[in-house]
Amino acid sequence: MANLRGANLSGANLSGANLERADLSVACLDAANLQGVKMLCTNAEGASLRGCNFEDPAGIKANLEGANLKGVDMEGSQMTGINLRVATLKNAKLKNCNLRGATLAGTDLENCDLSGCDLQEANLRGSNVKGAIFEEMLTPLHMSQSVR
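All values derive from a computational prediction rather than experimental measurement.

A.B. asks: Got a minute to help me understand the nonpolar core in this structure?
C.D. replies: In globular proteins that are soluble, nonpolar side chains generally tend to be buried together. Core analysis: the biggest nonpolar cluster contains 42 residues, and F54, L64 and L89 have the highest contact counts within it. Once you skip the residues sitting within four places of it in the chain, L89 turns out to touch L69, V72, M74, L84, L94, T107, D108, L109, E110 and C112.

A.B. asks: Please clarify how the side chain of N68 should be interpreted in this entry.
C.D. replies: Topologically, N68 is positioned in the segment before α1 (140-147). From its side chain, N68 meets the backbone nitrogen of K70 in a polar contact 3.2 Å long. Ignoring any residue separated from it by four or fewer positions in sequence, one finds N68 in contact with T42, N43, A44, E45 and T88.

A.B. asks: Got a minute to help me understand unusual backbone geometry in this structure?
C.D. replies: Comment: phi is negative for the bulk of residues other than glycine, and the bulk of peptide bonds are trans. You will see that R21, though not glycine, has its phi angle at about 60 degrees, which is positive. By the secondary structure assignment, R21 is in the segment before α1. For V86, which is not glycine, the phi dihedral falls at a positive 50 degrees. The residue V86 is located in the segment before α1 in this model. Note on V86: relative accessible area 41%, which makes it partly exposed.

A.B. asks: Where do I start with the environment of E65 in this structure?
C.D. replies: Relative to the elements of secondary structure, E65 occurs in the segment before α1. Given the relative accessible area of 24%, E65 is considered partly exposed. Put simply, E65 and I82 are 17 residues apart on the chain and 9.1 Å apart in space, counted from C-alpha to C-alpha. Not counting chain neighbours up to four residues away, the residues in contact with E65 comprise M39, L40, C41, N83, R85 and V86. Within the local environment of E65, its side chain forms a polar contact with the side chain of R85, the two groups lying 2.9 Å apart.

Rules behind the numbers
Each residue is numbered by its place in its chain's sequence as written, counting from 1. Thresholds applied to this predicted model are a pLDDT of at least 70 for local features of residues and 80 or more for the giving and counting of side-chain atom pairs; totals over whole chains, interfaces and linings are not thresholded and use all residues. To get the side-chain values, take all heavy atoms of the structure and skip hydrogens and water. Each nonpolar core is a collection of buried residues, namely Ala, Val, Leu, Ile, Met, Phe, Trp, Tyr and Cys, held together in the definition by side-chain atoms within 4.5 Å. Accessibility here uses a 1.4 Å probe with only protein chains present; expressed as a share of the type maximum, an area under 20% marks a residue as buried, one over 50% as exposed, and anything in between as partly exposed. Any pair of residues with heavy atoms lying within 4.5 Å of one another is described as a contacting pair. Numbering goes from the N terminus for both helices and strands, where a helix is a DSSP run of H or I of at least four residues and a strand is a run of E of at least two. Nitrogen and oxygen atoms within 3.5 Å of one another constitute a polar contact, given that in protein one can donate a hydrogen and the other can accept it, and given that sequence-neighbouring residues count only through two side-chain atoms.

Here's what the structure looks like:
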């Protein structure tokens, strides 16, 4: 139940840390090592977790079940096997993340940017994917330039 609201934890080694119910809202954890982290019911609304590593080579899965990750930026993070069951990721940026084998059952992915993600063997059963982006769309400007 730590209060880390707005903290700068960029590049921190939080491997195996227990951050259950912690307040990480608007915190910066860019490039942090979060292997095997326990973040059940954590509030990380608006936080930046760009390029984080949640993937533990020993096979211990990071657990973010029920976490509030609204508007979080996790672009380019390694999240193989992560547990995001019933988490809220509304308006989150997950572009180019490795979500291979991830548990996303019952997760709110409304308006998420999942373009470029590896979702092989990910469990999306019962997830809200309304407005989610699964691949980059070419804008009319890009399309007209590529036709020339």
